[in-house]
Amino acid sequence: NDKKTHSSEEKIIQTFYQLTSGVVYLHGRGIIHRDIKPQNILHKNGNYKIADVGCAKGVPQDYTHSGTGKSAGTPIYQAPEIYYAESSVLKYKDLRGSDCYSLGLTLLAMLDVSDDFVFEQFKIRDLNDKKARIDEKIATLKLRYNQGPLLDIIACLLNTEPAQRKSAVEVKRLLEQSYPAIC
């Protein structure tokens, strides 16, 4: 059973590394996906790709948007600054960070194989409600994954402050350092 958990954790790391590499690729070309979630991941022959770029947007490095328009993406996977965009001024870095937040929620969903945490099924009343539910799941996962680097990665991706969130490049580097034999 421990061997099964270990191999499934390796598979999750490999998959997440591929997804992170995809986000690095998009961001390196000035593209923000804006709808990263498990349902938008394609799998074939051990390769994982981020799909459904219908919400994707190319933005210049000096982009600034005063959140007056409709936000794109799936609300439950949106970063707080996007979900509450009506009262935010968003910059290019914030938008990249929002993809990273969604990537963190996707990793959380990959690690949590229980049936009681289907993101689409819980309703967001406010940011504190969402954060409390996420924190509860992370606490449960700490028992299974023993405070490993994956949980640290989730924590830095799900930071509610965009300026404190790690970029996809930083997460990719962290994965390579933490799991050199897998990445």
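The shown structure was predicted, so the numbers you read here are calculated from the model rather than taken from an experiment.

Quick notes on the rules
Residues numbered from 1 in each chain as written. Predicted model: local features only at pLDDT ≥ 70, side-chain atom pairs only at ≥ 80, totals over all residues. Heavy atoms only, no water. Helix = DSSP H or I, 4+ residues; strand = E, 2+ residues; numbered from the N terminus. Contact = heavy atoms within 4.5 Å. Areas by Shrake-Rupley, 256 points an atom, 1.4 Å probe, with all protein chains shown as cover. Core = buried A, V, L, I, M, F, W, Y, C linked by side-chain atoms within 4.5 Å. Buried < 20%, exposed > 50% of the residue type's maximum accessible area, 1.4 Å probe, protein only. Arc of directions from axis to C-beta.

Peer 1: Tell me what's going on with the overall build of the protein, and back it up with residues and numbers.
Peer 2: When you go through the protein residue by residue, the secondary structure sums to six helices and six strands. The N-to-C order of helical and strand elements in the protein reads α-β-β-β-β-β-α-β-α-α-α-α. Taking contacts inside the protein between residues at least 6 apart in sequence as the whole, the part at least 24 apart equals 68%. When the accessible surface of the protein is summed, it comes to about 9800 Å², and 50% of that surface belongs to carbon and sulfur atoms.

Peer 1: If you had to explain the nonpolar core to someone new, which residues and values would you point to?
Peer 2: Counting 38 residues, the largest nonpolar core has F16, L107, L108, L111, I154 and L158 as the members making the most contacts within it. Elements with a minimum of two residues in this core: α1 (2–28), β3 (47–50), α3 (92–111), α4 (127–145), α5 (149–157) and α6 (168–178). In terms of residue count, α3 provides more of this core than any other element does, nine residues in total. Residue contacts for F16: discarding those within four places in its chain leaves L103, L107, M110, I153, L157, V171 and L175.

Peer 1: If you had to explain the environment of K166 to someone new, which residues and values would you point to?
Peer 2: Mapping K166 onto the fold places it in the loop between α5 and α6. Taking the C-alpha atoms as reference points, K166 and Y101, 65 residues apart in sequence, are found 9.0 Å from one another.

Peer 1: Any details on α6? Residues and values, ideally.
Peer 2: Those residues of α6 that sit buried are A168, V171 and L175. Mapping the buried residues of α6 onto a view down its axis gives an arc of 60 degrees, with all of them on the same face.

Peer 1: Mind laying out unusual backbone geometry, listing which residues take part and the relevant values?
Peer 2: Phi angles above zero are rare outside glycine, and R34 is one such case at about 75 degrees. You can see R34 is positioned in the loop between β1 (31–32) and β2 (41–44). A positive phi is found at N45, a non-glycine position, where the angle reads about 55 degrees. Mapped onto the fold, N45 is located in the loop between β2 and β3.

Peer 1: Lay out the side chain of S102 in plain terms, naming residues and giving numbers.
Peer 2: Checked against the element boundaries, S102 lands in helix α3. By relative accessible area, S102 is classed as buried at 5%. Among all residues touching S102, those that are not within four sequence positions of it are I36, Y77 and Q78.

Spatial relationships are all this shows, so hold off on functional conclusions.
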